[in-house]
Every structure is written in C-alpha cells, then in structure tokens.
Amino acid sequence: MRAVSGRPRFETRAIHDGQPPDPTTGAVIVPIYQTSTYAQEAPGRHRGYDYSRTANPTRTALEVALASLEEGAHGLAFASGMAAISAVTSLLNPGDHVIAPDDVYGGTYRLLVRVLERYGLQSSFVDMTRPEQVEAVMRPQTRLVLIETPTNPYLKILDIAALSTIARARGALVAVDNTFASPYGQQPLRWGADLVVHSTTKYLGGHSDVVNGAVVVDRDDLHAGLRFHQNAVGAVPGPFDCWLVLRGIKTVGVRMRQHAANAAAVAAYLASHPRIERVFYPGLSDHPGHALAARQMTCFGGMVSCVVRGGAEAAVRVASATRLFILAESLGGVESLLDHPASMTHASLAGSPLQVDAGLLRLSVGIEHVDDLIADLDQALARA
Ligand code: P1T
C-alpha cells in the first residue's frame with residue numbers, strides 16, 4: 001500500500017495490509033480463491049502456489065494482515081485456535097517441559113495434559129501473576145512458557161515483559177495467547193514474546209461465524225518450523241474461512257473500542273449489585289492487575305467475569321434468565337454472550353487443580369446499546 005507518512009496506524013493497516021486490489025481484475029476485496037490446486041507452466045515451475053494445503057492466496061492475504069497487526073514478520077493461519085497452539089508445541093521435543101498459567105483456557109490444558117503428555121511433554125501450571133512462581137518451577141528441560149493474558153476465565157493480567165525476561169534467561173521460548181486482548185488491545189512481541197497465538201474465532205473474526213487460529217512470529221527460524229508443521233500436519237483453514245476473518249479484521253479497532261466501553265459500564269454495574277460477590281475486569285481500579293494492564297494494554301477489552309452470590313444454583317438461574325445475552329460458549333462477537341465456565345467452556349477442568357468456581361459467570365460483552373445490556377442483566381439478576 002502507499003505509505004502515508006511513516007508506518008500507517010493500526011486501523012489503516014487492518015483495512016489495507018495484505019489486501020491490495022486484486023492485480024488481475026482490480027477487485028477491491030481479496031477474492032476467495034476456492035481452488036485446491038494451481039496450473040504449472042512446467043514441472044515445478046509455478047507462481048508461488050502449487051497446492052492449497054501448502055499455500056492459498058486468500059490465506060496469504062490473511063497471514064500478511066495478521067503479521068502486520070501484531071507487528072511481527074510472519075503470520076500463519078490455522079484451522080482453529082487449538083491447531084495454532086498445537087503448532088507452537090510442535091517446536092518442542094519429547095522430554096521438554098512447558099509452563100502455563102493456572103487459569104489457562106480449558107482446551108489448552110486438555111491439549112497439554114491429555115494429548116501431549118502421551119508424547120512425552122511435561123507441563124506445570126502456576127499462578128503467573130507471581131513471576132517468582134514461574135522461576136520456581138523452571139527446569140533445565142523447560143522450553144516453553146505459554147502465557148495467556150488476560151486469562152480465561154478469571155481475567156488475570158500477566159506481566160509479559162517480566163515473564164519473558166525469566167524465560168529468556170533460561171533459554172525457553174515465550175508464547176502469548178492474545179485472544180482476549182486482540183492485537184488492538186496488546187502486542188506481545190513488543191514486550192519480548194517470541195510467538196503470539198490467537199483464536200481468531202473470537203475478536204479478530206468478530207462475528208461468531210468462523211473457527212480459525214493464528215500464530216505470529218518475528219524469528220525466521222521459528223517461522224520455518226511452524227510453516228513446515230502447518231503443511232506437514234495440514235490443519236489449515238479453507239479460503240472462505242480466511243476471507244471471513246479478513247473481513248472481521250477490517251473493523252477490529254472500532255469494535256474493540258465499543259466492546260471495552262460497554263464492558264466497563266457492565267463491570268461497574270455488576271460491582272454495585274448486591275447479588276454479585278466479586279467482579280473481574282482489568283479496567284476496574286480495584287482489579288489486582290489494573291496498573292499492569294494500563295501499562296501493557298491499550299484497551300481493557302470486552303470480557304467481564306463475576307461470581308454470583310449463592311453459588312452454582314444462583315449462577316445457573318441467572319445464566320438461564322438473560323434475553324439479550326445468549327447462553328453460549330465462545331466470545332468476541334458483536335453479540336453479547338454469557339458462559340457458565342464450570343459446566344461449559346471449562347468443564348474439562350472438573351476434578352483438576354484448575355477447576356473453576358461453580359458460581360462464576362463469564363460475559364462476552366457485545367456492541368449492542370449498553371443500556372439494553374444492563375437492563376437485561378438487571379432482570380436476570382432479580383431471579384438469582
Ligand atoms: O476454539 P478455538 O478457535 O480452537 O480456540 C481455542 C482457544 C484458545 N485460546 C483461548 C484463550 C480461547 O479462549 C480459546 C477458545 N475459547 C472458547 C471457545 C471459550 O469460550 O472460552
């Protein structure tokens with residue numbers, strides 16, 4: 001794209017990077033290259049595309065856009081967020097050790113413990129709000145510190161720079177799951193991370209209509225390893241899914257600002273409600289990670305969690321009584337969603353040390369009018 005003056009800002013890059021008008025037709029929007037294969041002029045002579053598991057032009061556009069938003073050199077798109085995290089762990093070997101937060105997404109815990117332990121990978125889960133706990137469980141075999149911030153579902157804020165310094169001193173890689181913040185809210189590579197992963201199913205896609213994942217890296221050697229794995233294992237997204245994420249990306253800046261404004265108002269409302277025991281939102285000044293979030297993030301995001309007084313029963317009653325907030329897994333779409341993690345997104349943690357509070361509700365605050373959202377919560381909480 002044409003340089004304006006210096007590097008274009010985030011919102012501009014979201015609309016243009018990787019997405020110039022189509023050189024053959026002038027189409028303003030990147031076409032959906034719905035093809036599995038490509039004509040070759042002579043054996044092995046082609047225009048950079050030979051088979052769509054290896055590369056596809058719609059996917060390339062998305063990968064360039066993702067790298068630009070995270071300010072990294074290379075982007076890779078995957079069939080889901082879990083496929084992206086799995087690709088990162090493919091950089092490790094049997095006997096290696098991973099450290100992850102004690103409040104990590106349930107699916108990530110399941111991958112590390114129930115899949116990868118069988119392949120000889122060991123994992124430890126610690127409270128990463130205290131970096132000394134990470135230091136304490138470091139082993140000579142520790143090869144990856146996997147950070148998630150804000151965490152899912154307690155919205156803990158983890159210090160990417162401090163954790164990266166500890167990991168780097170021991171020769172371990174640092175990956176940050178940036179799904180909750182989105183690249184608009186936080187750019188982990190700036191704070192010293194080696195890899196950024198996303199479930200682009202969430203804020204980047206933004207419309208709850210696609211499952212997709214991404215990894216962004218600066219280092220060429222890591223990119224080569226991931227690119228090999230992407231092609232060898234083949235958990236790649238189809239061109240239409242890439243196109244949907246590209247379309248979502250164009251508006252991620254304006255959406256994130258509205259998600260955050262609505263979430264701040266919802267968090268303040270919940271904090272003053274007698275039926276709510278505790279609210280977790282990094283934008284609240286009494287959140288333990290507020291000062292760090294203000295430093296590390298450019299926007300506190302759209303996720304709010306709270307504990308309802310009366311435990312599981314009361315929480316389930318509220319979750320069943322909302323009308324606008326849709327009871328559903330996932331997050332990051334324009335519509336507001338409500339989740340009861342203990343029985344839904346984090347049910348796979350039941351019986352593990354990472355089990356979540358049965359009275360916890362997680363809200364993905366959408367971009368509807370905030371007055372309507374608060375009125376909906378008000379009528380539902382009246383039934384708690
Ligand atoms: O669903 P998928 O696109 O595979 O992404 C997995 C994933 C990875 N990382 C984080 C932080 C996530 O929240 C998720 C998916 N999470 C949900 C579906 C959820 O409701 O929490």
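Scoring rules and cut-offs
- Sequence positions are assigned chain by chain, starting from 1 and proceeding in written order.
- Note on the predicted model: pLDDT of at least 70 is required for a residue's local features to be given, and 80 or more for side-chain atom pairs to be given and counted; whole-chain, interface and lining totals, by contrast, use all residues.
- Side-chain figures throughout are based on the complete set of non-hydrogen atoms in the structure, without hydrogens or water.
- Within this scheme, the nonpolar core is defined by two criteria: the residues are buried Ala, Val, Leu, Ile, Met, Phe, Trp, Tyr or Cys, and they are joined through side-chain atoms within 4.5 Å.
- Type-normalised accessible area, obtained with a 1.4 Å probe on protein chains alone, sets the label of each residue: buried when under 20%, exposed when over 50%, and partly exposed for intermediate values.
- Residue ranges labeled as domains rest on an automatic or database domain assignment.
- Contacts between residues were defined by any pair of non-hydrogen atoms, one from each residue, lying within 4.5 Å.
- Throughout this document, a residue counts as near a molecule or strand when at least one of its heavy atoms sits within 4 Å of that molecule or strand.
- We define a polar contact as two N or O atoms separated by no more than 3.5 Å, with the added condition that, inside protein, one atom must be a possible hydrogen donor and the other a possible acceptor, whereas residues neighbouring each other in sequence contribute only through side-chain atom pairs.
- Secondary structure elements follow DSSP: runs of H or I of four or more residues count as helices, runs of E of two or more count as strands, with numbering from the N terminus.
- For a helix, the expected span equals 1.5 Å multiplied by the residue count minus one.
- Throughout, the protein atoms alone are placed on a 1 Å grid, and a set of points is a cavity if a 1.4 Å probe fits but cannot get out or a pocket if it is open with protein on both sides within 12 Å along at least five of seven lines; lining residues have an atom within 4 Å of a point.
- Grid points are joined across faces, edges and corners, and a volume is the space filled by probe spheres set on the points.
- Only Asp, Glu, Lys and Arg are considered charged, only Ala, Val, Leu, Ile, Met, Phe, Trp, Tyr, Cys and Pro nonpolar, and every remaining residue, Gly among them, polar.
- Defined here as a combined quantity, buried area equals the accessible surface (1.4 Å probe) lost by two parts on assembly, summed across both.
- Two strands qualify as a pair provided DSSP detects at least 2 bridges between them.
- Definition used for salt bridges: Asp or Glu carboxyl oxygen within 4 Å of a side-chain nitrogen of Lys or Arg.

### Side note on the nonpolar core
Ranked by internal contacts, the top residues of the largest apolar core, which has 64 residues, are Leu62, Ile249, Leu270, Val279, Val304, Leu361 and Leu363. Two domains share this core, each providing at least three of its residues, namely domain 1 (10-249) and domain 2 (252-383). Apart from the residues within four sequence positions on either side, Val279 is in contact with Ala267, Leu270, Ala271, Leu284, Val304, Ser305 and Cys306. Grouped together as the second largest cluster of nonpolar side chains are 24 residues, Leu76, Ala100, Leu121 and Val217 included.

### Focus: the site of the ligand
Around the ligand, the surrounding shell holds 19 residues, and the nearest of these are Asp177, Thr201, Lys202, Ser330 and Arg362. Contacts to the ligand include Met82, whose backbone N or O atom sits 2.9 Å from an oxygen atom. One of the side-chain nitrogen or oxygen atoms of Arg362 is found 2.8 Å away from an oxygen atom of the ligand. Top element by residues in the shell around the ligand is helix H3 (residues 81-89). It accounts for three residues. A domain split of the shell around the ligand shows at least three residues from each of domain 1 (10-249) and domain 2 (252-383).

### Side note on helix H8 (residues 220-233)
In this model, H8 (14 residues) spans 20 Å end to end at C-alpha, consistent with the 20 Å of a helix rising 1.5 Å per residue. The elements touched by buried residues of H8 are helix H2 (57-69), strand S1 (74-78), H3, strand S5 (173-177), strand S6 (195-199) and strand S7 (213-217). Gly234 occupies a position one or two residues after H8 and carries a positive phi of about 85°.

### Some thoughts on empty space enclosed by the protein
The final tally for this structure, using the stated rule, is two cavities of 30 Å³ or more. Roughly 40 Å³ of internal volume is contained in the largest cavity. Among the elements of the structure, strand S12 (360-364) and helix H13 (370-381) are those that each provide at least two residues to the lining of the largest cavity. Roughly 30 Å³ of volume is contained in the second largest cavity. Per-class residue counts for the lining of the second largest cavity are seven nonpolar, two polar and no charged.

### A short note on unusual backbone geometry
The residue after Thr149, namely Pro150, is reached through a cis peptide bond having omega -5°. Secondary-structure assignment places Pro150 in the loop between strand S4 (142-148) and helix H6 (160-169). For the peptide bond that leads from Asn152 to Pro153, omega is 15°, which places it in the cis range. Assignment of secondary structure puts Pro153 in the loop between S4 and H6. If you check the backbone angles, Glu71 has positive phi at about 55° while not being a glycine. Secondary-structure assignment places Glu71 in the loop between H2 and S1. According to the relative accessible area criterion, Glu71 is partly exposed, its value standing at 26%. You will see that Ser330, though not glycine, has its phi angle at about 80°, which is positive. Along the chain, the position of Ser330 falls in the loop between strand S10 (326-327) and strand S11 (337-339).

### Some remarks on the layout of surface pockets
In this structure, the largest pocket spans a volume of roughly 530 Å³. Along the walls of the largest pocket sit 20 residues, with Asp22, Pro23, Tyr33, Tyr49 and Pro57 positioned nearest its centre.

### Some words on the environment of Val356
By secondary structure assignment, the location of Val356 is in the loop between S11 and S12. As a C-alpha pair, Val356 and His346 span 10 residues in sequence and 7.2 Å in three-dimensional space. Apart from the residues within four sequence positions on either side, Val356 is in contact with Pro153, Tyr154, Pro341, Ala342 and His346.

### Focus on the domain arrangement of the protein chain
Along its sequence, the protein chain is organised into domain 1 (10-249) and domain 2 (252-383). Computed from C-alpha atoms alone, the centre-to-centre distance between domain 1 and domain 2 is 25 Å. Counting residues at the interface gives 39 residues for domain 1, matched by 40 residues for domain 2. In this assembly, domain 1 packs against domain 2 so that about 3,200 Å² is buried in total across both faces, 61% of it on carbon and sulfur atoms.

### A short note on the pairing of strand S9 (residues 303-308)
Most of S9 sits out of view: six of its six residues are buried. Burial along S9 is two-sided: the residues Met303, Ser305 and Val307 and Val304, Cys306 and Val308 are all buried. Judged from the four bridges that link them, strand S8 (residues 276-280) and S9 form a sheet pairing that is antiparallel. For Phe280, the partnering residue across the bridge sits in S9 and is Ser305.

### A few points about the pattern of salt bridges
Under the counting rule described, the total for this entry stands at 16 salt bridges. In this structure, the salt-bridge partner of Glu71 is Arg190, at a minimum N-O distance of 3.1 Å. Of the two residues, Glu71 sits in the loop between H2 and S1 while Arg190 sits in the loop between helix H7 (182-185) and S6, which places them 119 residues apart along the sequence. In this structure, Asp159 and Arg295 form a salt bridge, with 3.9 Å as the shortest nitrogen-oxygen distance. On the criterion of sequence distance, the pair formed by Asp159 in the loop between S4 and H6 and Arg295 in helix H11 (residues 290-296) is long-range, its members being 136 residues apart. Looking at Arg295, the relative accessible area reads 53%, which means it is exposed. Several salt bridges share partner residues, and in doing so they unite Arg168, Asp194, Arg219 and Asp221 into one network.

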